[in-house]
Amino acid sequence: VNCSAGQAWGQVRATVNKHLRQFVTGGGHLFTTDWALRWPLCEVFPDYIADDDPNTPDLMVDAHPPVGGENHELLQNVFPLDQPYPRWQIDAQSFLVKDVGKRLEVLLASDELAAKYAGNRMLGVTFRVGAYGGLALNVVSHFAHQGDGTPTTPMYQLIVNFLLVAKRHRETKR
């Protein structure tokens, strides 16, 4: 779900939220970006994640894996060894992530973001839900604004990895 304010859903919003929670807790995978953090992700999983609404300006910050997280399956080929870490575009009025359940795993971090926002370094987070290992992944700002459009740019490789992880998960459930 890419950047959605949610107003267009009107009366079906509660039903959509219920079905999304059932989908992920049943083993499904959900990838959200930018304003989709607020809706649907925070509404569907308020026990895991919330948005921190700092009214961000347009920002360009560093992006790197967290210490010890370089080998995470979702980060394979996201940060090539022989390349400098990428810059990450955060659009004005993007929401930052708040960990309410202490169950978020940070995938993408930023020291520059942490310096500006009271230690909050989370650019990308993930969490597992339910007995069947459903996965939610959120990244701050728009995935289309990251990188230069080649398959090796961080956001596009992250999406490829997410799809491969979802496919492997589905195949092991059969």
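Whatever comes next refers back to the structure up there.
These numbers were taken from a predicted model, which means no experiment stands behind them. (Residues numbered from 1 in each chain as written. Predicted model: local features only at pLDDT ≥ 70, side-chain atom pairs only at ≥ 80, totals over all residues. Heavy atoms only, no water.)

1. Describing the pattern of salt bridges
Pairing is possible between side chains of opposite charge, provided their charged atoms come close.
Argument step 1. In the structure shown here, the tally under the stated rule is 9 salt bridges.
Argument step 2. The closest approach of N and O atoms between Arg168 and Glu73, which form a salt bridge, is 3.4 Å. With Arg168 in helix H4 (residues 154-173) and Glu73 in the loop between strand S3 (59-62) and strand S4 (87-90), the pair connects residues that are 95 residues apart, well separated along the chain.
Argument step 3. On the basis of relative accessibility, which here comes to 36%, the residue Glu73 falls in the partly exposed class. (Salt bridge = Lys/Arg side-chain N within 4 Å of Asp/Glu carboxyl O. Helix = DSSP H or I, 4+ residues; strand = E, 2+ residues; numbered from the N terminus. Buried < 20%, exposed > 50% of the residue type's maximum accessible area, 1.4 Å probe, protein only.)

2. Digging into the nonpolar core
Nonpolar side chains tend toward joint burial in soluble globular proteins.
Argument step 1. Counting 43 residues, the largest nonpolar core has Phe45, Ile49, Trp88, Leu108, Leu123, Phe127 and Leu158 as its most contacted members.
Argument step 2. Not counting residues up to four positions away in its chain, the partners in contact with Trp88 are Leu59, Met60, Val61, Ala63, Leu108, Leu123, Val139, Val140, Ser141, Gln146 and Met155. (Core = buried A, V, L, I, M, F, W, Y, C linked by side-chain atoms within 4.5 Å. Contact = heavy atoms within 4.5 Å.)

3. Some remarks on the packing of aromatic side chains
Argument step 1. Applying the stated criterion to the full structure yields 6 aromatic pairs.
Argument step 2. Note on Phe79 and Tyr85: the rings are 5.4 Å apart at their centroids and 85° apart in plane angle, and the pair reads as edge-to-face.
Argument step 3. Here a set of aromatic residues connected by ring pairs shows up, and it is made of Phe45, Tyr48 and Phe127.
Argument step 4. The lysine or arginine in question, Arg103, covers the ring of Tyr48, its NZ or CZ lying 3.8 Å from the ring centre. (Phe/Tyr/Trp six-rings, centres within 6.5 Å; stacked < 30°, edge-to-face > 60°. Lys NZ or Arg CZ within 6 Å of the ring centre and 35° of its normal.)

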